[in-house]
Amino acid sequence: MRHYWALFAGTFVALALGVALIGVSASALAATWAVPPPGAGHPAVTLTDGTGAARTLSSGDVDMGGVQSVLAMAGVVSAFVTVFVITGTCAFGIALRRRDMGLLRLVGAGGPQVRRMVLGESLAVAVPAALAGCAVAAAAAPVAVEALNGTGLSPVELRPGPLFWPLVFAAGSGLLMAVLGMLAASGRAARVRPTEALREADLDARTMTAGRGVMGVLALVTGAVMVALAPGSGAEAATPLALFGTMALAVAATLLGPVYLPPLLRLLALPLRWADPVAGRLAAESARASRRRTASLVGPVLAILAIVGVFTTVLSTTGAATKADDRARTVAQLVVEPARGEALSADAVAALREDPRVAAVSAPAALEVAVAGPHSVWKEQAAVADPAALARTHRITVVDGSLGPLRPGTVAVSREFADWYGYRAGSTVTYGLFGGRPVTARVVAVLDGGSAVPPLLLPPGSRGAAAPAPAPSRAAVLLGGRDAGSVRAVAAELTARVGADRIKVVPSAEWFGSAATDQDRLNRLVLAVLTVPASLYALIAVAGTLVMSYSRRGREIAGMRMLGVSAGQVRRMALWETLSTSLLGVLIAAGVVAVGARAYRGALTVFGGEAPMSVEWGMLAALTAACVLVGVVVSLAATGRLLRQVGVAMVTSRQ
């Protein structure tokens, strides 16, 4: 460990930062679980599920599901990148020492002895690395929770909770990953033959082992099957299929890298041979001879771009599809919102309906209800609305049942709600408004209207016993035939008639533009929470892999200098090699993400058209530039250090 400090330093840093990343994610998630329950005095309702169990829900319960989902996804991203980096770093460290393992075998060391040595080294590095990672996580967790509060993703102010169990989980995960990674690598080390000590090249033999090939093929088949199933599985099931299928394809691309990467790199290096014959040829031949090193350099770039690319593209495409569907379904030309406060008054809505230029007004009043199912009771979003009016201002399809005004004891449900919970026209659903009694209602219609139709549509007059009547937050206004051509003028006249101090009337196109801007801002916050920590970790891993690689290239560079290769040519060789491996990682990641994103888009539906593809080009371009910049800076710095060492050795030998 003292002799190969650069190799073990890379493993130490990767593991310590991985533990810190997992610890911070676990601490933030624990902070959401530690939110205290609401106090007494909030309206509640008691429902009996299908098993006969009575369950009471309160309107004061804070819904932390959204922020917990974001943090859980961030944990998945962090765990994937951490496992990917640590296992790759362990395997690469053993591969760089293959010749030295052969020397040990040559002087009589047995395979079990080599395996125990490697495992002992891993524990000697992993234990202090896990402790260091826990120390970093303990210091960073309060800062991360405060930063999360600043995003506004949490409905309540979070406070850092106890760190003991999150840190125990992070340390245990890090130690487990390190031991498992070294177990796989130790098996390879134990099989090194004594003749490997006679090789001059460290990494050019048996790069594609049977285990690596089998795992690569399994990952490829698994990813291909998941991606193939995504388009026909619906939006709910397509999300995990596309995400995890793309991750499996990225793993397969890395595991099978020694097979296809060198030929591709030689193809990319053809222009370099013409533009810079010596340095370009050296870079191409180095990639061809050292296949494991090439795969290890491409791997981190491929992994982080693939995982960030697919997560950001899936989330952005989901938002773009929802916006496109809302626009396509909206027939109303005007959107009316309160000038002050959060709800429209009943007399303002009545004044809109009485205007002779208005053909229809839909003003759903959103409220939260509790719903009893066969095995549980849960909260659900509902609205008091007139389905007939809603069908005039929006393009809504009746999937089952009939469209008409709702009477007491009847409800309409969305298609998604019906599909998920198994309801149809004629079924009965039991729900309760907070502060009221349970209501058993008959489903009279199943409606397909996208986000315009909430899961439950309730009849007028629905309200809890201790709660005020729900009021709409906005209304959609459909104008008559002749007035539909003068939308902006009618909007100004309606504002003046009802009162600018009471309502704000804007054309639907302008309202959608403003709402899209606010949603885009929220989406960027979510994407930042998901990807920025893992991206920073991956960039450090890229630098660590390069440092490990160049720590064993002293003899190679010394040989080049003895053969007459200039220092500038060696530096350009390192530059071309880093640029080509980074570019190849970017191209492969782009292909993998394109496959997963296209499959996911096929599962989305937009009324009257195809779901648009949305890609966060700015974020991905910045991450790509950061990977390339880190690679270039580290490789040139490491090359300069080796050149200085070679120069000192040459001067010393002359003296």
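This text follows the structure it describes.
Residues numbered from 1 in each chain as written. Predicted model: local features only at pLDDT ≥ 70, side-chain atom pairs only at ≥ 80, totals over all residues. Heavy atoms only, no water.

A. Structural view of the overall build of the protein chain. In terms of regular secondary structure, the protein chain is built from 19 helices and 13 strands. In terms of principal-axis extent, the alpha carbons of the protein chain reach across some 100 × 55 × 40 Å. Within the protein chain, the proportion of its 655 residues that are buried is 50%. At a minimum sequence separation of 6, the contacts of the protein chain that also span at least 24 residues come to 81%. Here the protein chain has roughly 29300 Å² of accessible surface; of this, 64% comes from carbon and sulfur atoms. (Helix = DSSP H or I, 4+ residues; strand = E, 2+ residues; numbered from the N terminus. Buried < 20%, exposed > 50% of the residue type's maximum accessible area, 1.4 Å probe, protein only. Contact = heavy atoms within 4.5 Å. Areas by Shrake-Rupley, 256 points an atom, 1.4 Å probe, with all protein chains shown as cover.)

B. Here's a closer look at the nonpolar core. By size, the foremost hydrophobic cluster in this structure holds 95 residues, and its most contacted members are V81, I304 and I307. When residues of this core are assigned to their parent elements, the largest contribution, 15 residues, is made by helix α11 (residues 291-329). Apart from residues no more than four positions distant in its own chain, V81 is found in contact with I304, I307, A534, Y537 and A538. (Core = buried A, V, L, I, M, F, W, Y, C linked by side-chain atoms within 4.5 Å.)

C. Seen up close, the environment of L270. Tracing the sequence through the fold places L270 in helix α9 (residues 270-275). It is 60 Å that separates the C-alpha atoms of L270 and G422, two residues lying 152 residues apart in sequence.

D. Quick look at a nonpolar patch on the surface. A contiguous nonpolar patch, built from L103, L104, L106 and V107 and spanning about 370 Å² of accessible area, is present on the exposed surface. The topology assignment puts L104 in helix α3 (residues 98-106). (Patch = residues over 30% accessible without salt bridge, like charges linked within 9 Å, V, L, I, M, F, W, Y side chains within 5 Å. Salt bridge = Lys/Arg side-chain N within 4 Å of Asp/Glu carboxyl O.)

E. Spatial organisation of the packing of aromatic side chains. One pass over the full model with this rule turns up five aromatic pairs. Judged by centre distance (4.9 Å) and plane angle (75 degrees), the rings of F164 and W165 are edge-to-face. When the ring of W511 is compared with that of F512, the centres are 5.3 Å apart and the planes differ by 75 degrees; the resulting orientation is edge-to-face. A relative accessible area of 16% means that W511 is categorised as buried. Counting every residue linked through ring pairs, the aromatic cluster contains W378, F417, Y421 and Y423. A cation over an aromatic ring shows up here: R553 above the ring of Y550, its NZ or CZ 4.9 Å from the ring centre. (Phe/Tyr/Trp six-rings, centres within 6.5 Å; stacked < 30°, edge-to-face > 60°. Lys NZ or Arg CZ within 6 Å of the ring centre and 35° of its normal.)

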